[in-house]
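# Chain and residue survey
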Amino acid sequence: MKYYFLPVILFFFSCEQKTKIVSTAAVEIKKTNNTAVSERKDPVDSYSWFQYYQKENPNFKNKSFRFTESNRINYQQTPVIVLNKKGFNEIYKPFLIFNESKTQYLDFDSYQWTLLPDGSAGFEPDQQVVLVDLKKKEAQQIAFFGPSYWVEEAYWKGDSIAVLLGNSYEKIPFKMEFNFNKNQVQHYQYPDTLKIKTPYSKFRLSNKGIKVE
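So, here is what we can say about the structure in this document. Keep in mind it's a predicted model, so treat the numbers as computed, not measured.

What follows deals with the sheet that holds strand S6 (residues 127–133). Strand order across the open sheet formed by 4 strands is S2-S3-S6-S7, with antiparallel pairing between neighbours. The open sheet has two edge strands, strand S2 (97–98) and strand S7 (138–145), and neither has a second partner. Here 4 bridges tie strand S3 (residues 104–107) to S6, and the two strands are oriented antiparallel to one another. Looking across to S6, one finds that Gln-104 is bridged to Asp-133.

It is worth spelling out the pairing of strand S8 (residues 149–157) at this point. Every other side chain in a regular strand lies on the same face of the sheet, so the side chains alternate between the two faces. Where burial is concerned, most of S8 is hidden: 7 out of the 9 residues are buried. The sheet contact formed by S8 and strand S9 (residues 161–168) spans 8 bridges and is antiparallel. Opposite Ala-154, over in S9, you have Leu-164 as the bridge partner. Between S8 and S9, which pair antiparallel one after the other, the connecting turn spans 3 residues, and Gly-158 there sits at a positive phi close to 75°.

Looking now at the nonpolar core. Counting 19 residues, the largest nonpolar core has Leu-106, Val-129, Ile-142, Leu-164, Phe-178 and Phe-180 as its most contacted members. For this core, the secondary-structure elements that each account for two or more residues are S6, S7, S8, S9 and strand S10 (174–179). For Leu-106, the residues in contact, after removing those within four places along its chain, are Leu-96, Ile-97, Val-130, Leu-131, Ile-142, Ala-154, Trp-156, Ala-162 and Leu-164.

Cut-off values and rules
- Residues numbered from 1 in each chain as written.
- Predicted model: local features only at pLDDT ≥ 70, side-chain atom pairs only at ≥ 80, totals over all residues.
- Heavy atoms only, no water.
- Pairing = 2+ DSSP bridges.
- Helix = DSSP H or I, 4+ residues; strand = E, 2+ residues; numbered from the N terminus.
- Buried < 20%, exposed > 50% of the residue type's maximum accessible area, 1.4 Å probe, protein only.
- Core = buried A, V, L, I, M, F, W, Y, C linked by side-chain atoms within 4.5 Å.
- Contact = heavy atoms within 4.5 Å.

Structure representation (structure tokens):
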């Protein structure tokens, strides 16, 4: 009887080895798939600001920005009028950048430009970036720029993190990420200059019906 059991034992042993091989292969395939997922395009690259500059600068990507420093957020008073308050100019409403719950927004337009009688934008040399809390109906300055730097676009990560996307006179873009829960702002800079015919800031205004020179 011992001789009859031997092939059966070898058969099961062989099946067990095949199962192990198949299981191992499945794990390896799963790992490969996970790697492929991690290399997918950053969704931030699909934002209009990135796509606009990628037309002439194909390698312009969010991941290329380099961290430079981190600071506490410097809140300051501002004369900017809050949405739904008396005196708010409705011309700026389409340009406000709201957080996910629509309880806060960023305004980097109303301090920098005004609408002239001919429908074109008249610019100030400086720009103020304002955070507005709609529940409290309060506005605070969170960033201020002179004529050499300016914010061109912004977006939110949920409710408490906002990202400013900007450019400079030297055509070197920058990024600032504000974490309002941690009272912290992180600064990032692109490591190269961009080829630019018309800055995104002008495209953004003209795209919403505002004339620019």
